[in-house]
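Tertiary structure, described
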Amino acid sequence: MHQSPRTCREGDVLAVVSQSGPTVSFFDAASDRHLGQVQVPAEPHELCFDATHRLLWCTLTYRSGYYHANGGRRTDLAVIDPDTRRIVEIVDIGPEHGPHGLALDPARGRIYVSVEGAANRPGGVVVIDTATRRPVGRIDTDAPGPHWFAIDPAGRTGYATNKEAPFVSVVDLERGVLTSKVEVPGSEGLAVSADGTHVFVAGPYGDFSAAAEGRPPTGIRVIDARSASVVDILPTEDIVLPVHQTSTGRLLAGEVRMAPDPGSRLGRHAPGRLTVFAADTRKQVGELAVGLFPLTITSSPDGRLAYVACAISSTVDVVDLETLDRLARLDIAKLGEAGAHGLAYLPRPA
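It should be emphasised that the depicted structure is a prediction, and the values quoted were computed from it without experimental measurement. (Residues numbered from 1 in each chain as written. Predicted model: local features only at pLDDT ≥ 70, side-chain atom pairs only at ≥ 80, totals over all residues. Heavy atoms only, no water.)

Broken down by element type, the chain carries 0 helices and 30 strands. The C-alpha atoms of the chain give a radius of gyration of 19 Å, which matches the 20 Å a tight globule of 350 residues would have. Each principal axis of the C-alpha atoms in the chain carries an extent, and together these give about 55 × 50 × 45 Å. Taking all 350 residues of the chain together, the buried fraction comes to 58%. Relative to all contacts within the chain whose residues are 6 or more apart in sequence, the contacts with residues 24 or more apart total 45%. About 14100 Å² of surface is accessible on the chain, with carbon and sulfur atoms providing 50% of the total. Each charge sign in the chain was given a centre, from 34 positive and 42 negative side chains, and these centres are 2 Å apart. (Helix = DSSP H or I, 4+ residues; strand = E, 2+ residues; numbered from the N terminus. Rg over C-alpha atoms; globule rule 2.2 N^0.38 Å. Buried < 20%, exposed > 50% of the residue type's maximum accessible area, 1.4 Å probe, protein only. Contact = heavy atoms within 4.5 Å. Areas by Shrake-Rupley, 256 points an atom, 1.4 Å probe, with all protein chains shown as cover. Lys, Arg positive; Asp, Glu negative; His and termini not counted. Charge placed at Lys NZ, Arg CZ, Asp CG, Glu CD.)

Per the stated rule, a full pass over the model turns up 2 aromatic pairs. Judged by centre distance (6.0 Å) and plane angle (50 degrees), the rings of Tyr112 and Phe149 are tilted. Separated by 37 residues along the polypeptide, Tyr112 in strand E11 (residues 110-115) and Phe149 in strand E14 (residues 146-151) bring together distant segments of the chain. Just as Tyr112 is buried, Phe149 falls in that class too. Ring geometry for Tyr307 versus Tyr345: centroids 6.0 Å apart, planes at 45 degrees, classification tilted. Taken together, the positions of Tyr307 in strand E27 (residues 305-310) and Tyr345 in strand E30 (residues 340-346) put the pair 38 residues apart, joining distant regions of the chain. We note Lys163 situated over the ring of Tyr67; from NZ or CZ to the ring centre the distance is 5.4 Å. (Phe/Tyr/Trp six-rings, centres within 6.5 Å; stacked < 30°, edge-to-face > 60°. Lys NZ or Arg CZ within 6 Å of the ring centre and 35° of its normal.)

In space, the 4 strands of this open sheet follow the order E26-E27-E28-E29, with antiparallel pairing throughout. Unpaired on one side and paired on the other, strand E26 (294-299) and strand E29 (325-331) mark the two borders of the sheet. On average, each strand axis in the sheet is tilted by 20 degrees relative to the strand beside it, whichever way the strands run. Here E26 runs beside E27; their pairing, made up of 5 bridges, is antiparallel. Opposite Pro294, over in E27, you have Cys310 as the bridge partner. (Pairing = 2+ DSSP bridges. Axes fitted to C-alpha atoms, helices over the stretch in contact; angles between N-to-C directions.)

Bringing the environment of Thr130 into the picture now. Position of Thr130 among the secondary structure elements: in the loop between strand E12 (124-129) and strand E13 (134-140). In this structure Thr130 comes out as buried when scored by relative accessible area, which is 3%. Along the chain, Thr130 and His53 lie 77 residues apart, while their C-alpha atoms are 7.9 Å from each other. Setting aside anything within four residues of it in sequence, one finds Thr130 in contact with Asp50, His53, Leu104, Gly109, Arg110 and Ile111.

Here it is in structure tokens:
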């Protein structure tokens, strides 16, 4: 008999960004009850939870809009106390701008933030000390728009995906330098395997205005970390944006789907798809329809529950990964076109 996936989640919290809210909302992980929210400056994107200091980091990426269509790039991050649900500090990283991806190295007390390039510098990764909450370094990625960023379990190597540049940037976090470029035809979300030997990268770049006929095959590129080369492609029917690996070795991909619409060249948004692979065998083990435009995925620490944030429907689907049943759909308030985005699972205080 299967144990309920809600068992032993009392006190755990799910944090969800509303990009146009602009807010960070908090939900009880056991009951899905809305606990409250924090108003943040425009336009929040991603979240990262630092359990050591019990603080939630939130990137504030644009003054309005989104990548390629925005009202200016912001230069700051919000640091939030999730227990009192208040902003502790707004950290200014200027002149760096367009902060987006976040990756935490708790052992070294570092948080890494991907930032977009400018006329006088390429995109890169800003290194922040989690104790002082101040930048202590920068690593160039040699691409204009590094977006998602992930690090290996050892905290020695980082990977930045680049929407338009035809490569994934590989950086040495200890030396603070770019070490290689892995050829990928534009890339979106990524995840590093639990042993650090492989990196799973969504590609190609989600340019929905491009003709499908000339587009490289959609799917997840598997990069061998040692050789810094693509060794496999996990095929998908549609463009993948977010990629996430659970603690139990399941690889989760969010596919964005469009349906034909005579009144629109791009079509209309159709329900997205959560596609599940086994990371070790690289075989697809299931799929499930989710909301419109899946943009972020996370999971509970035990790997039993997945959370899929869908920006256009502004919903979060809560999925039992053992049965692939949707347990709940959380509605996230939005003021503009894009709503639900960044996610973080916060275990209850010890």
